[in-house]
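The chain contents come next:
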Amino acid sequence: AWRFKGTLAAFVPSVLLLGILSAPDAGLTDAIQPDVAQPYFLVVASLAVWIGSHRSLEAERLQTLKLNEAKFVPFAAFSSLLFLYVILTLFPNIDLATILSAYFALIGTIGVSAFLAPNLGFVAKSVGLKALADKTYRTTVPTWVAQDENGEEAELEVAPTDLMAVAAAVLVVVADWQTGHADPFLNNVIALSIACELLEAISLESYVTAVAVSV
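Source: prediction; values computed, not measured.

**Focus: the packing of helix 5 (residues 96-126) against helix 7 (residues 160-178)**
Angle between the axes and distance between the axes: these two values describe a pair of packed helices.
Point 1. The contact between helix 5 and helix 7 brings their axes to 7 Å, and the two run at 135°. The angle between the axes of helix 5 and helix 7 places the two elements in the oblique class. The two elements helix 5 and helix 7 meet at a crossing, and its hand is right-handed. Counted together, Ala105, Gly108, Thr109, Val112, Ser113, Leu116, Ala117, Leu120, Gly121 and Ala124 of helix 5 and Thr161, Asp162, Met164, Ala165, Val166, Ala168, Ala169, Val170 and Val173 of helix 7 form the full contact between these two elements.
Point 2. Partitioning the contact of helix 5 with helix 7 into residue classes produces 13 nonpolar, 5 polar and 1 charged.

Here's what the structure looks like:
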């Protein structure tokens with residue numbers, strides 16, 4: 001069967017993406033100057049779409065978003081903002097910053113760990129440490145966390161490299177929090193990892209649908 005995650009075809013664009021994102025922190029500030037900002041973000045966005053879309057080709061459960069459904073995306077966004085406005089109006093003393101920080105920390109950890117795990121597994125196998133990439137730990141998770149194709153409790157298989165990926169993701173999220181979300185490398189790694197995860201889980205069915213969502 002065809003595979004993408006954990007292969008050289010996935011590892012190369014992932015490393016390339018991380019390398020380009022590290023340009024600002026490496027002192028290559030010209031990479032994000034106004035005259036080349038558009039090509040810079042076009043390249044990183046294209047790599048993220050490439051990785052996420054190829055990962056979706058081997059996803060076991062894929063949620064398809066059709067054109068008719070995409071038309072309601074702006075209304076869903078408006079409803080979310082309106083709900084947030086009502087909450088802030090009714091509860092003016094609510095610590096929204098803390099709630100949002102916790103929320104984005106959670107999804108950031110999930111996104112970054114999902115991005116790193118197959119690549120760490122590929123590296124481990126490539127250097128002769130296959131045991132680190134083997135799914136040696138198995139556990140069941142509640143249905144509200146994950147479900148199998150029958151809607152029952154899913155069995156989660158974890159490799160040591162997966163645990164390393166989670167640890168690295170936590171470090172990235174904590175470092176981003178400590179810098180006040182001001183580091184462009186950390187910000188973009190988290191954001192694009194989440195984007196790859198969403199692209200893997202959701203099929204836009206067609207280019208027209210993708211354009212409709214973008215607009």
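**A few points about the environment of Gly19**
Point 1. Within the element layout of this structure, Gly19 appears in helix 1 (residues 8-21).
Point 2. By relative accessible area, which is 38% here, Gly19 ends up partly exposed.
Point 3. Once the C-alpha coordinates of Gly19 and Phe185 are considered, the two residues, 166 residues apart in sequence, prove to be 9.7 Å apart.

**Quick word on helix 5**
Point 1. Taking 1.5 Å per residue as the helical rise, helix 5 with its 31 residues ought to reach 45 Å, and the 45 Å between its terminal C-alpha atoms agrees with that figure.
Point 2. Maximal helix bending in helix 5 amounts to about 25°, located at Ala117; proline Pro118 follows within four positions.
Point 3. Downstream of helix 5 by one or two residues, Gly128 has phi in the positive range, about 90°.

**Remarks on the packing of helix 5 against helix 8 (residues 184-201)**
Point 1. Where helix 5 meets helix 8, the closest approach of the two axes is 8 Å, and the angle between their N-to-C directions is 75°. Comparing the axis directions of helix 5 and helix 8 gives the class roughly perpendicular. Residues Ile107, Gly108, Gly111, Val112, Ala114 and Phe115 of helix 5 form the contact with helix 8, whose own contacting residues are Val189, Ile190, Ser193, Ile194, Cys196 and Glu197.
Point 2. When its residues are assigned to classes, the contact of helix 5 with helix 8 shows 8 nonpolar, 3 polar and 1 charged.

**Re the packing of aromatic side chains**
Point 1. The full count for this structure, using the stated rule, is 2 aromatic pairs.
Point 2. Between the aromatic rings of Tyr103 and Phe104, the centroid separation amounts to 5.2 Å while the plane-to-plane angle is 70°, which identifies the pairing as edge-to-face.
Point 3. Classification of Tyr103 by relative accessible area gives partly exposed; the value is 48%.
Point 4. Residue Phe104 is classed as partly exposed on the basis of its relative accessible area of 46%.

**Here we look at the confidence of the model for the protein chain**
Point 1. The pLDDT averaged across the protein chain works out to 79; a share of 75% of its residues lies at or above 70.
Point 2. Averaged pLDDT values for the elements of the protein chain fall to 51 in helix 9 (residues 207-214) and rise to 93 in helix 7.

**Examining the pattern of salt bridges**
Two side chains of opposite charge can pair, provided their charged atoms sit close to one another.
Point 1. Summed over all chains, the structure comprises 4 salt bridges.
Point 2. Two residues, Arg55 and Glu200, come together in a salt bridge whose shortest N-O distance is 2.6 Å. Of this pair, Arg55 sits in helix 2 (residues 34-56) while Glu200 sits in helix 8; the two residues are 145 residues apart in sequence, bridging distant segments of the chain. Glu200 carries the same exposure label as Arg55, and that label is buried.
Point 3. Of the charged contacts in the structure, one is a salt bridge between Lys130 and Asp134, with a shortest N-O distance of 3.1 Å.
Point 4. Note on Asp134: relative accessible area 28%, which makes it partly exposed.
Point 5. Connected via shared salt-bridge partners are Lys5, Arg55, Glu197 and Glu200.

**Examining the nonpolar core**
Soluble globular proteins tend to bury their nonpolar side chains together.
Point 1. Core analysis: the largest hydrophobic core is formed by 22 residues, its most contacted members being Leu17, Leu21, Ile51, Val112, Phe115 and Leu192.
Point 2. When residues of this core are traced back to their parent elements, those giving at least two are helix 1, helix 2, helix 5, helix 7 and helix 8.
Point 3. Ignoring any residue separated from it by four or fewer positions in sequence, one finds Phe115 in contact with Ser14, Leu17, Leu18, Ile51, Arg55, Ser193 and Cys196.

Cut-offs applied
- Along every chain, residues carry numbers that run from 1 in the direction the sequence is written.
- Thresholds applied to this predicted model are a pLDDT of at least 70 for local features of residues and 80 or more for the giving and counting of side-chain atom pairs; totals over whole chains, interfaces and linings are not thresholded and use all residues.
- Computation of side-chain values: all heavy atoms of the structure, hydrogens and water removed.
- Axis definition: a line fitted to C-alpha atoms, over the contacting stretch in the case of helices. Angles run 0 to 180 degrees between N-to-C directions.
- Counting from the N terminus, the helices are the DSSP runs of H or I reaching at least four residues and the strands are the DSSP runs of E reaching at least two.
- Angles are sorted into four bins: roughly parallel if under 35 degrees, roughly antiparallel if over 145, roughly perpendicular if 65 to 115, and oblique for all others.
- A clockwise turn of the near helix away from the far one marks a right-handed crossing, whereas an anticlockwise turn of less than a right angle marks a left-handed crossing.
- We call two residues in contact whenever any of their non-hydrogen atoms come within 4.5 Å of each other.
- Residues are grouped as follows: nonpolar covers Ala, Val, Leu, Ile, Met, Phe, Trp, Tyr, Cys and Pro; charged covers Asp, Glu, Lys and Arg; every other residue, Gly included, is treated as polar.
- The rule is simple: take the accessible area with a 1.4 Å probe, protein chains only, and divide by the maximum for that residue type; under 20% is buried, over 50% is exposed, in between is partly exposed.
- A helix is expected to span 1.5 Å multiplied by its residue count minus one.
- The reported bend at a residue is simply the angle between two axes, fitted to the 7 residues ending at it and to the 7 residues beginning with it.
- A pair of aromatic rings is counted whenever rings of Phe, Tyr or Trp (Trp by its six-membered ring) have centres within 6.5 Å, and the orientation is called stacked for planes under 30 degrees apart, edge-to-face for over 60 and tilted otherwise.
- Per-residue confidence from the predictor is given as pLDDT, running between 0 and 100.
- For this analysis, a salt bridge means a side-chain nitrogen from Lys or Arg found within 4 Å of a carboxyl oxygen belonging to Asp or Glu.
- The criterion is simple. A nonpolar core is a set of buried Ala, Val, Leu, Ile, Met, Phe, Trp, Tyr and Cys residues joined through side-chain atoms within 4.5 Å.

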